[in-house]
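Coordinate inspection notes
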Amino acid sequence: MTLQQTEMRPAVGAQQPAPARATVDSAIDKLHDYFRSIQHESGYWWGELESNNTMEAEYVMLCRFLGHHNADRERHIVNYLLSKQGADGSWSIYYGAPGDLSTSVECYFALKLCGQDPESDPMRHAREFILARGGVPKVRMFTRIWLALFGQWEWEGTPRLPTEMILLPDWAPFSIYRFASWARGCIVPLSIVLTRHPIRAISPEHAIDELFPDGRDGTDYSLPTPPGFNLPRMVHLIEQTAGTIYNRIRFNPFRKIAERKAIKWILEHQEEDGSWGGIQPPWVYSLIALSVCGFDNDHPAMVKGFEGLEGFGIQKGDKWTVQGCISPVWDTCLTVQALAESGLSADDPMLTHATRWLVDKQILVGGDWQVQAPQLQPGGWAFEFHNNCYPDIDDTAEVVLALRLGALPGGEDHLRQEAIERAVAWVAGMQNRDGGWASFDKNNNHGYVTAITFSDFGEVLDPSSADVTAHVIEMYGKLGYRAHLPSIQASYRYLRSEQEDNGSWFGRWGVNYIYGLGAVLPSLESIGEDMGQPYIRRAVQWLVARQNADGGWGESCASYVDPTQHGVGPSTASQTAWAVIALVAAGEADHSATHNGVDYLLQTQNDDGQWDEPYFTGTGFPGYMKGARVEHIPKPGERGFQGTELSAGFMINYHLYRNTWPLLALSRYRNRLYSQSPEHSPRRNGHAPA
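The notes below deal with the structure included here. (Residues numbered from 1 in each chain as written. Predicted model: local features only at pLDDT ≥ 70, side-chain atom pairs only at ≥ 80, totals over all residues. Heavy atoms only, no water.)

1. Structural notes on the packing of helix 2 (residues 54–66) against helix 3 (residues 71–84)
It is at 10 Å that the axes of helix 2 and helix 3 come closest, and there the two elements cross at 155°. By the criterion of interaxial angle, the relationship of helix 2 to helix 3 is roughly antiparallel. Classified by chirality, the crossing of helix 3 by helix 2 is left-handed. Residue-level contacts link E56, Y59, V60 and R64 of helix 2 to R73, E74, I77, Y80 and L81 of helix 3. (Axes fitted to C-alpha atoms, helices over the stretch in contact; angles between N-to-C directions. Helix = DSSP H or I, 4+ residues; strand = E, 2+ residues; numbered from the N terminus. Parallel < 35°, antiparallel > 145°, perpendicular 65-115°, else oblique. Left-handed = near helix turned anticlockwise from the far one by under 90°. Contact = heavy atoms within 4.5 Å.)

See the structure below:
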């Protein structure tokens, strides 16, 4: 049976008829034209990945540290930073968020380094905001490290991170491989920085003494002691004692050995495009560490690294911004799926060009993931153009979902099939013990590492997540694998265990519970699950109850710290698309809520086929340290507390999400409602694992 209208709490009107098919067709046709117009000549699609303004601020600080002064570039960065400043003088982590102290301090310092008058209105308002929230002494650990590099914070007030960590064997409790890939890429270079304590002098007029409420001399620079009597507090005390003894040792033969090994590790992990891990944090810290160790700016690794980082920049008129990462593989595989499901033939040049590009980007060399899976053969895809060390399981699953719908011309299609086979084998070997999948590593869930002081900044682990696991299950299901397979049974049990009592699923890599449902329900349908079961009906009820009055769905990034915000927020195109995709998968294509959601998309589409979406609907890090949903959200005074500003988080606006996901949603809606083809027909009587 389908869910009856009386069992739901629709947000809008009575029974809503389906939009005219011609209107849906027209919207899809506009999107075909749009994607055809922006496809790169090499075959890929690539949209801007917008995050927060620490990216520009830290670029300025990096250039000053390395001696890469560019007055014209700094002028454009100043313009961009000032354009992003809030009315209260602050800078925020995501669109519409309250101002964030650490981000605001970094932006203020960067503006001073660029010569901004501290008595100008923007600087005065920023200073008032910063001082009202405790000033520099209250900033996060990473901001303290950046300021210490220029003598604006004392090194004694930064975490202990001995370089000797690099010497620990892979199985050791605090080996670098116990940390997530992104944290690992930061730990290795920062262990050099936090041991050497370098300072690059700046002019007195660039100092930020005015941001210290009690002055520099009256400030307590010591690290805050975690509240309560618990593991983090015990580890903190041990760190402080051991650190004091460590720094007093005059002769330490292991220090130089460790530093040489760390440098070697850094150089070996630099990618073809000059990056480290394809993301900004390990990239800038690696350049700083190499500079501290005597690598001048003309060294090939430094040249490649800095030039690659420049490539992440975007010129926007008289403004310049820098991305924290780029997402061409992710953007391309999602776009291919949406276009293929929208009715384009597999031999359409737009799709064959993209299919070839994706096949060519498969990673066939080893990476850090082999520490936990040494016998496994490579076969994944990264998120970026170049990131051989860290192929992404989520990307790999979505690329396979795209390749299964594509084709290569002539006698070359076997290359596509072989790529799929390698990918499926690699993904199977990366399954975690709990049945789920993470993003980059296997069984990376050692919670004790979050107790060290350095971990108190965001995510340091990469455990299983419901959304990645769901994408892998969908990959298996649409390739024809059946639910009785042991690996799918294990992942099914994992997904069931992750469902919230209200029926929703947490979104680790997208905001938030709407994203989780948009991933999980299609995955369950793909393996033949009976979509009429009570646990799925609860999910549908939760989703429909959160539909906005305009017919769309939205969810604020604040939902990661405020349960009252789950499924709540202004409507967006991407989140509305996820909701429609979930409802269609649940067999509710002909439901009033689904029609209203589609109508919202049709009414808000621009003439060029796009949607406007300033809101951030992508997630980098919610700021939970453990990298997974938490049973208890920390309260004020507790370690790990963050308000709705998400001070430990990293949120993302994928600029193609607002167009790619609606195309996929409209396509699935049209296919289900109007054609009932085998690929898109409801599956209500499948055999779910026990």
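The structure having been displayed, the exposition proceeds.
2. Focus on the side chain of D441
Tracing the backbone through its elements, the reader meets D441 in the loop between helix 15 (413–429) and helix 16 (466–478). We classify D441 as buried; its relative accessible area is 4%. A polar contact of 2.8 Å, which involves the side chain of D441, links it to the side chain of R184. Discounting chain neighbours no more than four positions away, the residues touching D441 are F179, A180, S181, R184, D368, W369, M430, N432 and D462. (Buried < 20%, exposed > 50% of the residue type's maximum accessible area, 1.4 Å probe, protein only. Polar contact = N/O pair within 3.5 Å; in protein donor to acceptor, adjacent residues only side chain to side chain.)

3. Quick notes on the packing of aromatic side chains
Applying the stated criterion to the full structure yields 36 aromatic pairs. Taking the centre distance of 6.3 Å and the plane angle of 25° together, the rings of Y59 and F306 count as stacked. Within this pair, whereas Y59 is found in helix 2, its partner F306 is found in helix 11 (residues 300–310), the two being separated by 247 residues in sequence. Exposure remark for F306: the relative accessible area of 10% places this residue in the buried category. Consider the rings of W357 and F385, whose centres lie 6.2 Å apart with planes at 90°: the pair is edge-to-face. Taken together, the residues W357 in helix 13 (residues 349–360) and F385 in the loop between helix 13 and helix 14 (393–403) connect sequence positions 28 residues apart. You can call W357 buried: its relative accessible area is 9%. In this structure an aromatic cluster arises from ring pairing among W330, F383, Y515, W578, Y654, Y657 and W661. The positively charged end of R73 is found above the aromatic ring belonging to W320, 4.0 Å away from the centroid. One Lys or Arg, R200, reaches over the ring of F65 and ends 3.9 Å from the middle of that ring. (Phe/Tyr/Trp six-rings, centres within 6.5 Å; stacked < 30°, edge-to-face > 60°. Lys NZ or Arg CZ within 6 Å of the ring centre and 35° of its normal.)

4. Concerning the side chain of T576
Tracing the backbone shows T576 in helix 20 (residues 573–585). Assessed through its relative accessible area of 0%, T576 is described here as buried. Apart from residues no more than four positions distant in its own chain, T576 is found in contact with G552, W553, S571, G597, Y600 and L601.

5. Comments concerning the pattern of salt bridges
A complete count under the given rule lists 31 salt bridges for this structure. Measuring nitrogen to oxygen at the nearest pair gives 2.8 Å for the salt bridge that ties R416 to D413. Of the two residues, R416 and D413 are both situated in helix 15; the distance of three residues between them amounts to about one turn of the helix. We classify R416 as buried; its relative accessible area is 7%. The residue R629 makes a salt bridge to E498 at a minimum N-O spacing of 2.9 Å. Here the residue R629 occupies a position in the loop between strand 4 (618–621) and strand 5 (650–654), and E498 occupies one in helix 17 (residues 486–498), the gap between them amounting to 131 residues. Among the ionic contacts, a cluster of salt bridges with common partners joins E341, E474, K478 and R668. (Salt bridge = Lys/Arg side-chain N within 4 Å of Asp/Glu carboxyl O.)

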